[in-house]
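One letter stands for each residue in the lines below.
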Amino acid sequence: MALEDYKDLVATVASVTTIAQFFSPVFICKEIIQKGNTKDIDAMPFILLLLLSLLMLQHGMILNDPAMIPVNVAGFTLNFTYFAIYYLYSHERDSLHGKLAKGVALTAILINYAQLENEKNVEFRFGIIVTVLMLTLIGAPLLQLGDIIKRRSTKGLPFPLIFSGTVVTFLWLLYGIIIKNVFIQFQNVVGFILCAIQLSLFAIFPNSSEDEDKKDKKN
């Protein structure tokens, strides 16, 4: 059977897996609620996820893709909820307002651009913008690479997020190949490579938290 025959199946699996990945921040929100504050928890991932999901929704609407639109509607709804929880428990709202305002302003400019751009160009150009932003977010943990090599430990890297990201990007890459969409292919082949590199770090440098816990108990 041709790969195209599996289009609906791959789209469904990719969509369900992506939505499942959207629930990863639940654990962080649980920690925030238990502590009663957002101390030592950065606001930027919440803001970036919220705004990126909105841009991804706009991209799905431009492509008029039946698989991407519902996934990103769900993503935006969940990320809005996570941000609302962070905001509710934040004690530094002035700083939070400033970061959010800048992010919203940039997002508004990009969405407005998508509405005004020529239809022949918008898919390509807006796709580039979304791709750069998405890959920046995916590759952010690699900024810790120097510290990981120095400590020879992957402690601090979010294994569930990285593993699920590897699976999700592979599925969307496969879907992009099936529908012959260059942007979906490019986004996810680079995303998959970034996630795979991060995932390989767990094989090279095991998470030493268990060893450190044992040392702490001995002390």
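Residues numbered from 1 in each chain as written. Predicted model: local features only at pLDDT ≥ 70, side-chain atom pairs only at ≥ 80, totals over all residues. Heavy atoms only, no water.

1. Looking at unusual backbone geometry
- Backbone geometry places Lys-180, a non-glycine residue, at a positive phi of 60 degrees.
- Here Lys-180 shows up in the loop between α8 (159-179) and α9 (182-204).
- According to the relative accessible area criterion, Lys-180 is exposed, its value standing at 58%. (Helix = DSSP H or I, 4+ residues; strand = E, 2+ residues; numbered from the N terminus. Buried < 20%, exposed > 50% of the residue type's maximum accessible area, 1.4 Å probe, protein only.)

2. Details of a nonpolar patch on the surface
- Taken together, the side chains of Leu-3, Tyr-6, Leu-9, Val-13 and Ile-177 make up a nonpolar region of the molecular surface, amounting to roughly 420 Å² of accessible area.
- With respect to the helices and strands, the residue Leu-3 is situated in the segment before α1 (7-21).
- According to the relative accessible area criterion, Leu-3 is partly exposed, its value standing at 38%. (Patch = residues over 30% accessible without salt bridge, like charges linked within 9 Å, V, L, I, M, F, W, Y side chains within 5 Å. Areas by Shrake-Rupley, 256 points an atom, 1.4 Å probe, with all protein chains shown as cover. Salt bridge = Lys/Arg side-chain N within 4 Å of Asp/Glu carboxyl O.)

3. Observations regarding the pattern of salt bridges
- Tallied over the entire structure, the rule returns 1 salt bridge.
- Ionic pairing is found between Glu-117 and Arg-125, a salt bridge with its closest N-O pair at 3.1 Å.
- Given a relative accessible area of 40%, Arg-125 falls into the partly exposed group.

4. Structural notes on the packing of aromatic side chains
- Per the stated rule, a full pass over the model turns up 5 aromatic pairs.
- Ring geometry for Phe-76 and Phe-80: centres 6.3 Å apart, planes at 35 degrees, overall tilted. Here Phe-80 and Phe-76 lie together in helix α4 (residues 68-89), a separation of 4 residues that amounts to about one turn.
- The exposure class of Phe-76 is partly exposed, given its relative accessible area of 27%.
- Judged by centre distance (5.5 Å) and plane angle (90 degrees), the rings of Trp-172 and Tyr-175 are edge-to-face. In this pair, Trp-172 and Tyr-175 are both assigned in helix α8, 3 residues apart and thus about one turn of the helix distant. One exposure class covers both Trp-172 and Tyr-175, and it is buried. (Phe/Tyr/Trp six-rings, centres within 6.5 Å; stacked < 30°, edge-to-face > 60°.)

5. Details of the confidence of the model for the chain
- In the predicted model, the chain carries a mean pLDDT of 83, and the fraction of residues at 70 or more is 92%.
- Within the chain, no element has a lower average pLDDT than helix α10 (residues 209-218), which sits at 47, and none a higher one than helix α5 (residues 93-116), at 91. (pLDDT = per-residue confidence, 0-100.)

6. So, the side chain of Gln-187
- Along the chain, the position of Gln-187 falls in helix α9.
- When its relative accessible area of 3% is taken as the criterion, Gln-187 is described as buried.
- At 3.1 Å, the side chain of Gln-187 forms a polar contact with the side chain of Thr-131.
- When near neighbours in sequence (up to four residues on either side) are disregarded, Gln-187 contacts His-59, Gly-127, Val-130, Thr-131, Met-134 and Leu-135. (Polar contact = N/O pair within 3.5 Å; in protein donor to acceptor, adjacent residues only side chain to side chain. Contact = heavy atoms within 4.5 Å.)

7. Thoughts on α4
- Between the first and last C-alpha of α4 there are 32 Å, a value that for 22 residues agrees with the 32 Å anticipated at 1.5 Å per step.
- For α4, the complete set of buried residues consists of Met-68, Val-71, Asn-72, Gly-75, Leu-78, Asn-79, Tyr-82, Phe-83 and Tyr-86. Relative to the axis of α4, the buried residues are bounded by an arc of 140 degrees and lie together on one face.
- Residues of α4 that are buried make contact with α1, α2 (26-35), α3 (44-63), α5, α8 and α9. (Expected span 1.5 Å × (residues − 1). Arc of directions from axis to C-beta.)

8. What to know about helix α6 (residues 119-139)
- Taking 1.5 Å as the rise per residue, α6 with 21 residues should run 30 Å; its terminal C-alpha atoms sit 30 Å apart, in good agreement.
- Here the buried face of α6 lies against α3, α5, α8 and α9.

9. Observations concerning the nonpolar core
- The biggest cluster of nonpolar side chains holds 28 residues, and the ones touching the most others in it are Phe-46, Ile-47, Phe-83, Tyr-86, Leu-96, Trp-172 and Tyr-175.
- Breaking this core down by element, the ones donating at least two residues are α1, α2, α3, α4, α5 and α8.
- Sequence-distant contacts of Ile-47, that is, excluding residues within four places in its chain, are made with Phe-83, Leu-96, Lys-99 and Leu-100.
- In this structure, Val-130, Met-134, Leu-194 and Cys-195 belong to the second largest nonpolar core, which totals 13 residues. (Core = buried A, V, L, I, M, F, W, Y, C linked by side-chain atoms within 4.5 Å.)

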